[in-house]
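Tertiary structure, described
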Amino acid sequence: MPARKKRKPRSARARGLRTLQHQTLPPGTRTGIDTEVWFRALVTSRASGARRDHRWSTKDQVHDEAITWFLESHLRKPFDQYPARRTAEEDLTFWVDSKLMERARHMARRDGVKVARLIDAALTSYVKLHVPEQLLNFRQRVQQDAAKLYGSASRPASGKRSQK
């Protein structure tokens, strides 16, 4: 009898433990989330051993942390500054823990708002409180410097950078 092939564990998404959320977010919130993920990736790349958990530096993780923080912060007292419905902003799609989404739906019903407005408020509030302006500015400078370096670097006709 042939040996069974060891199956790779299915991801949380494949097991239905994550929900796809589609909505709009303001540019500052999108930039803040991207900056937090960028910073965490830098920290993770320098970590060693057990502290090197790449799951900590994913957008999924940052979204989940932001929503968890918001739900816990407003568990007893409803949030009273929900943003207006956004129509002119860019649409995004991202994954959120399904149990968190259920908690968010419950809070949205309690507060009389749509889930998308609650998620917008959660992510925007998280960025304002947890992503320092200095980090946002630093990342922007690094991106500008990298663009200058990349633009001024002599590249072969093939368009690929040289392997020095």
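Analysis parameters
- Residues numbered from 1 in each chain as written.
- Predicted model: local features only at pLDDT ≥ 70, side-chain atom pairs only at ≥ 80, totals over all residues.
- Heavy atoms only, no water.
- Axes fitted to C-alpha atoms, helices over the stretch in contact; angles between N-to-C directions.
- Helix = DSSP H or I, 4+ residues; strand = E, 2+ residues; numbered from the N terminus.
- Parallel < 35°, antiparallel > 145°, perpendicular 65-115°, else oblique.
- Contact = heavy atoms within 4.5 Å.
- Nonpolar A, V, L, I, M, F, W, Y, C, P; charged D, E, K, R; others polar.
- Patch = residues over 30% accessible without salt bridge, like charges linked within 9 Å, V, L, I, M, F, W, Y side chains within 5 Å.
- Areas by Shrake-Rupley, 256 points an atom, 1.4 Å probe, with all protein chains shown as cover.
- Salt bridge = Lys/Arg side-chain N within 4 Å of Asp/Glu carboxyl O.
- Buried < 20%, exposed > 50% of the residue type's maximum accessible area, 1.4 Å probe, protein only.
- Phe/Tyr/Trp six-rings, centres within 6.5 Å; stacked < 30°, edge-to-face > 60°.

Okay, the packing of helix α3 (residues 98-111) against helix α4 (residues 115-130) next. The description of two packed helices rests on the angle between their axes and on the distance between the axes. Contact geometry for α3 and α4: axes closest at 9 Å, N-to-C directions at 110°. The orientation of α3 with respect to α4, classified from their angle, is roughly perpendicular. Taking contact as the criterion, the partners of Met101, Ala104, Arg105, Met107 and Ala108 in α3 are, on α4, Val115, Leu118 and Ile119. The residue inventory of the contact of α3 with α4, partitioned by class, reads seven nonpolar, no polar and one charged.

To continue, consider a nonpolar patch on the surface. Taken together, the side chains of Phe39, Leu42, Val43 and Trp56 present a nonpolar region at the surface, about 320 Å² in accessible area. Structurally, Phe39 is set in helix α1 (residues 27-46). The exposure class assigned to Phe39 is partly exposed, which follows from its relative accessible area of 35%.

Looking now at the packing of aromatic side chains. The final tally for this structure, using the stated rule, is five aromatic pairs. A ring pair is formed by Trp69 and Tyr126, whose centres lie 6.1 Å apart and whose planes are at 70°; its orientation type is edge-to-face. Of the two residues, Trp69 sits in helix α2 (residues 59-73) while Tyr126 sits in helix α4, which places them 57 residues apart along the sequence. Trp69 sits in the partly exposed class, given a relative accessible area of 22%. Taken together, a centroid distance of 5.1 Å and an interplanar angle of 70° make the contact between Phe70 and Phe79 edge-to-face. Assigned by exposure class, Phe70 and Phe79 land together as buried.

Everything listed here is a matter of coordinates, which is why it stays silent on function.
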